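Spelled out from the first residue to the last, the chains are:
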Amino acid sequence: ISPTIAQRLRKLNPRQQEAVRYIDGPCLVLAGAGSGKTSVITTKIAYLIQECGMSARRIAAVTFTNKAAREMKERVSGMLKGREGHGLTVSTFHTLGLNIIRGELKALGYKPGFSLFDPEDVKALLRDLMNKDAQVDADQINQVQSIISNWKNDLVQPGQALSHASSEDEQFAARVYEAYVRHLKAYNAVDFDDLILLPVVLLRDNPEALERWRRKIHYMLVDEYQDTNTSQYMLVRMLMSERQTFTVVGDDDQSIYAWRGARPENLVTLGEDFPRLNVVKLEQNYRSTGTILRAANTLIANNPHVYDKTLWSEMGMGDPIRIVVTRHEEAETERVASEILTRRIKQKAAWRDFAVLYRGNFQARLLELKLQHYQIPYKLSGGTSFFSRGEIKDAMAYLRLLINPADDNAFLRIVNVPRREIGPNTLEKLANYATDRSVSLFSACQEMGLAEQLPARAVERLGRFTHFIEGVRRRMDGGDAIAAIRDMMREMDYEAWLYQNTSAPTIAEKRMGNVWILIDQLEKSMKADPDESTASEDTETDSVDAAISRLVLRDILEQQAEEDDSDRVQLLTMHASKGLEFPHVYLMGLEEELLPHRNAIEAGTVEEERRLAYVGITRARQTLTMTLARQRKAFGELMDCTPSRFLDELPPEDLEWEGRADREDPERKQERGKSAIAGLRSLLD
Ligand code: ATP
Ligand code: MG
């Protein structure tokens, strides 16, 4: 039998209990890594339902990454019985936003079946818009994309952007922004940032909508609060300003998304906006050994602090932290792989007990090869995810077109995949015609006027394609939507196309397998939580649409298709590791210019890199190993590497160096470290 909520509460320490029990006003839990903040959130959800009798439908818990949301969901569902958790929202901020948009399409002025543009779609659209003024390169597009994204995160509308633009570049970006927003709307599409921006603007400007959502969500819980950006904070504030019933937990030392618009000062703003805020601090760490914790505390003490925190642990000192210096990056990855192999046996650990963390995804490539070589099962998060594969992009484009025929990017991706002999000339004329008439490519195909622009054969082929899609859509509406989608793949013989366009049959087979996995996934997602979308009147087809939207969202969040809790070594960036914990952690590439990253050194944002290292270190429960290479390939050349300054900031007596000939006494080591840093700084200044 599972423990009662009273028993669960007793397992928490008095401060945690206070945070769980405090339900009449706003509550902030501010505490360091591993102190049980997420545990407070999960227990509190169960407490609200089981002790306070709140309906799960009225509770929304949000966090930042899919992985963290999934983990939270698992922890909560382990505490709830039967249908107690029915209708509970535990999701990312963006999924919550998506659900609000889905429930408010009319108020937002969108048609049903809107599309979610992924960053590639956004780039394509920006390229079109920017090329009108001048020939632009990829760098300029990226730059404008990030400026627009920042504006959206800060709730700056195109008009405001234009009137505040000070430089010529900003004015240009603001004009593109204006056109971009207009075009997205015309495509009935939203981008990733809109998932937060649109709900915020709606709730701000539309009192009825605000009232609807306030009635729907009575209690909010936010994990990793330090990484909220302005619009996310506004969303929480608007939903909760009346009832003032929310719990947010965070750690300013783990703020690592400033580059994406996160505002750790939201911690302070919260106290100003909600004077009744109850602040709870937690100080006991339940995750890591004393040595690991001391290293983390010593490192982060080098940063200035909003609030001072002291963390202690009763876990015993444990093993020293190992620093392994290797000749080059290949030796580094070789070392990590072979150590995992032997340690697994020696310490009787499972594969999943190991995590390898790194600064950039590129570091994983070599590691993957080594792990494959040793036949070590692993799971790579982010990077080349399932969703970035060509066949998945194709299948997704079909799905997107099925829910929104006006999705021109989806149309263009697959109109000729598999081959339908629709050439670039035809498409260009079609595009011109569609632009002139301000309609989508799909509906342009069906207009009579097109016959004047294109030869009859071309018109017929386009017609056949749109007919095909409409036929599938009708079958979806008429009954088993998933079966209709599977039939579609078979009827157009996508498999044959894969075989023709892939070098080896085994690869084609695997790719087709991926497509089926995607469709299975879609089916599961419909069955698993038909009411995850908050619009409860959903019909069957609506729920296909909802499930597809969720898939597109996952795609954007770069998730692996399989909910994979099998026994594998976890490979993740330090950014993606936030909130997670593993018995044995390897941190790779502890070198200047890698961690801290070169760009951060140049931009003077080393403090954020230090927080990133802090996040990485505090993921470890029992052992922590840091590796670095003396030489690494960069820009096609072998470069000498300098050990990271962060190594010099760790307590020398807790470190055990390997592979370094010059075992110095700690004092000299620190001196040398300092002069190396000074030397490097003067080089960079
Ligand atoms: P992070 O800042 O990394 O997100 P956190 O503050 O959210 O960490 P949790 O993940 O909630 O910390 O907890 C860390 C570990 O400590 C988990 O394994 C959790 O089960 C355990 N834990 C939390 N509270 C207690 C407690 N009162 N007694 C024993 N173990 C606890
Ligand atoms: Mg946490």
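Residues numbered from 1 in each chain as written. Chains lettered and ligands numbered in written order. Predicted model: local features only at pLDDT ≥ 70, side-chain atom pairs only at ≥ 80, totals over all residues.

- In the nomenclature of an unreviewed UniProt entry, the protein chain corresponds to ATP-dependent DNA helicase Rep from the organism Halomonas huangheensis.
- Per its UniProt entry, the protein chain bears the Subunit (unreviewed entry) comment "Homodimer."
- Among the UniProt annotations of the protein chain, the heading Sequence similarities (unreviewed entry) holds the following wording: "Belongs to the helicase family. UvrD subfamily." (UniProt positions renumbered as here; feature names shortened; annotations may be inferred.)

**Notes on the overall build of the protein chain**
Item 1. The helix and strand tally for the protein chain stands at 31 helices and 18 strands.
Item 2. Within the protein chain, the proportion of its 685 residues that are buried is 43%.
Item 3. A fraction of 78% describes how many contacts in the protein chain between residues 6 or more apart in sequence connect residues 24 or more apart. (Helix = DSSP H or I, 4+ residues; strand = E, 2+ residues; numbered from the N terminus. Buried ≥ 20, exposed ≤ 12 C-beta atoms within 10 Å, placed from the backbone. Contact = placed C-beta atoms within 7 Å.)

**Structural notes on the sheet that holds strand S8 (residues 278-282)**
Item 1. Ordered by their spatial adjacency, 6 strands build an open sheet running S3-S2-S6-S7-S1-S8, and the pairing between neighbours is parallel. Looking at which strands have only one partner, the edges of the open sheet turn out to be strand S3 (89-92) and S8. Recorded for the sheet is a direction-independent mean angle of 15 degrees between the axes of neighbouring strands.
Item 2. Alignment of strand S1 (residues 27-31) against strand S7 (residues 246-250), held across 4 bridges, turns out to be parallel. Each residue of the ladder has a partner; that of Val-29, found in S7, is Val-249.
Item 3. The strands touched by helix H5 (residues 93-103) are strand S2 (59-63) and S3; relative to S3, the strand with the most contacts, the crossing angle is about 110 degrees. (Pairing = 2+ DSSP bridges. Axes fitted to C-alpha atoms, helices over the stretch in contact; angles between N-to-C directions.)

**Considerations on the nonpolar core**
Item 1. The biggest cluster of nonpolar side chains holds 119 residues, and the ones touching the most others in it are Val-29, Ile-45, Ala-61, Leu-126 and Met-220.
Item 2. Among the elements that line this core, the one with the most residues is helix H18 (residues 390-403), at 9 residues.
Item 3. Residue contacts for Val-29: discarding those within four places in its chain leaves Ala-19, Lys-37, Val-40, Thr-247, Val-249, Val-280 and Leu-282.
Item 4. Ala-296, Tyr-378, Met-574 and Leu-647 belong to the second-largest nonpolar core, a separate cluster that totals 53 residues. (Core = buried A, V, L, I, M, F, W, Y, C linked by C-beta atoms within 7 Å.)

**Topic: the pairing of strand S16 (residues 620-634)**
Each regular strand displays side chains that alternate between the two surfaces of the sheet.
Item 1. Taken together, the 6 bridges between strand S11 (residues 321-328) and S16 define a ladder with parallel strand orientation. When the bridges of S16 are listed, Val-325 appears paired with Leu-628.
Item 2. Examined bridge by bridge, strand S15 (residues 582-587) and S16 share 5 bridges and lie parallel to one another. Paired with Val-585 across the strands is Leu-624, a residue of S16.
Item 3. In terms of strand pairing, S16 meets strand S17 (residues 637-640) through 4 bridges, oriented antiparallel. Pairing of Ala-634 across the sheet is with Glu-637, part of S17.

**As for the site of ligand 1**
Item 1. Taken together, 19 residues form the shell around ligand 1, and within it Gly-36, Lys-37, Thr-38, Ser-39 and Tyr-286 come nearest.
Item 2. It is helix H3 (residues 37-50) that provides the largest number of residues to the shell around ligand 1, a total of 3 residues.
Item 3. Per-class residue counts for the shell around ligand 1 are 4 nonpolar, 10 polar and 5 charged. (Near = placed C-beta within 6 Å. Nonpolar A, V, L, I, M, F, W, Y, C, P; charged D, E, K, R; others polar.)

**Describing the UniProt feature "binding site: ATP" (unreviewed entry) in the protein chain**
Item 1. Mapped onto the present numbering, the UniProt feature "binding site: ATP" (unreviewed entry) falls on Ala-31, Gly-32, Ala-33, Gly-34, Ser-35, Gly-36, Lys-37, Thr-38 and Arg-287. Spanning 257 residues, the annotated positions come together in the fold, the maximum distance between their C-alpha atoms being 13.4 Å.
Item 2. Structurally, Ser-35 can be placed in the loop between S1 and H3.
Item 3. Beyond its immediate chain neighbours, meaning those up to four positions away, Ser-35 contacts Leu-282, Glu-283, Gln-284, Asn-285 and Leu-311.
Item 4. You can see Gly-36 is positioned in the loop between S1 and H3.
Item 5. With 22 C-beta atoms packed within 10 Å, Gly-36 lands in the buried category.
Item 6. Excluding anything up to four places from it in sequence, Gly-36 contacts Leu-12, Gln-16, Leu-282 and Tyr-286.

**Regarding unusual backbone geometry**
Leaving glycine out, the prevailing phi sign among residues is negative, and the prevailing peptide bond configuration is trans.
Item 1. Backbone torsion omega between Val-417 and Pro-418 reads -5 degrees, so that peptide bond is classified as cis.
Item 2. With respect to the secondary-structure elements, Pro-418 resides in the loop between helix H19 (408-414) and helix H20 (424-437).
Item 3. For the bond running from Leu-595 to Pro-596, omega is 5 degrees, close enough to zero to count as cis.
Item 4. Position of Pro-596 among the secondary structure elements: in the loop between S15 and helix H28 (598-603).
Item 5. Unlike most non-glycine residues, Glu-224 shows phi in positive territory, near 55 degrees.
Item 6. Structurally, the position occupied by Glu-224 is in the loop between strand S6 (219-222) and helix H13 (230-240).

**Remarks on the environment of Thr-426**
Item 1. Residue placement: Thr-426 occurs in helix H20.
Item 2. Sequence separation between Thr-426 and Glu-329 is 97 residues; the distance between their C-alpha atoms is 50 Å.
Item 3. Excluding anything up to four places from it in sequence, Thr-426 contacts Leu-454 and Ala-458.

**Points about the packing of helix H11 (residues 194-205) against H13**
Item 1. Between H11 and H13, whose axes approach to 9 Å, the crossing angle comes to 40 degrees. Classified by the angle between their axes, H11 and H13 sit oblique to one another. Relative to H13, the crossing made by H11 is left-handed. The residues of H13 that touch H11, namely those facing Ile-196, Leu-197, Pro-199, Val-200, Leu-203 and Arg-204, are Ser-231, Gln-232, Met-234, Leu-235 and Met-238.
Item 2. Classifying every residue of the contact of H11 with H13 gives 8 nonpolar, 2 polar and 1 charged. (Parallel < 35°, antiparallel > 145°, perpendicular 65-115°, else oblique. Left-handed = near helix turned anticlockwise from the far one by under 90°.)

**Observations concerning helix H14 (residues 266-273)**
Item 1. The set of residues buried in H14 consists of Asn-266, Leu-267 and Leu-270. Down the axis of H14, the smallest arc covering the buried residues is 110 degrees, so these residues share one side.
Item 2. Along its buried surface, H14 packs onto S1, H13 and S7. (Arc of directions from axis to C-beta.)

**Some details on the confidence of the model for the protein chain**
Item 1. Of all residues in the protein chain, 90% attain a pLDDT of 70 or more, and the chain-wide mean is 87.
Item 2. For residues 530-539, every residue scores under 50 in pLDDT, and the model assigns this stretch 15 contacts once sequence neighbours within four places are set aside.
Item 3. Predicted confidence is poor over residues 679-685, with pLDDT under 50, and the contacts of this stretch with residues over four places away or in other chains come to 4 contacts. (pLDDT = per-residue confidence, 0-100.)

**What to know about the pairing of S11**
Item 1. Pairing of S11 with strand S18 (residues 655-658) involves 4 bridges; the strand directions are parallel. Residue Val-324 lies in a different strand from S18, and its bridge partner there is Glu-658.

**Topic: the packing of helix H7 (residues 119-131) against helix H10 (residues 168-186)**
Item 1. Remark: H7 packs on H10, axes separated minimally by 10 Å, with the N-to-C direction vectors making an angle of 125 degrees. The angle between the axes of H7 and H10 places the two elements in the oblique class. Between H7 and H10 lies a crossing of right-handed hand. Of the residues in H10, those in contact with Leu-125, Leu-126, Leu-129 and Met-130 of H7 are Val-176, Ala-179, Tyr-180 and His-183.
Item 2. Class assignment for the residues of the contact of H7 with H10 results in 7 nonpolar, 1 polar and no charged.

**Observations regarding helix H16 (residues 329-346)**
One turn of an α-helix holds 3.6 residues; hence residues three or four places apart share an orientation.
Item 1. Here H16 is 18 residues long and its end C-alpha atoms lie 25 Å apart, about the 26 Å a rise of 1.5 Å per residue gives.
Item 2. Taken together, the buried positions of H16 are Glu-329, Glu-332, Thr-333, Arg-335, Val-336, Ala-337 and Ile-340.
Item 3. With its phi angle positive at about 50 degrees, Lys-348 sits one or two positions after the end of H16. (Expected span 1.5 Å × (residues − 1).)

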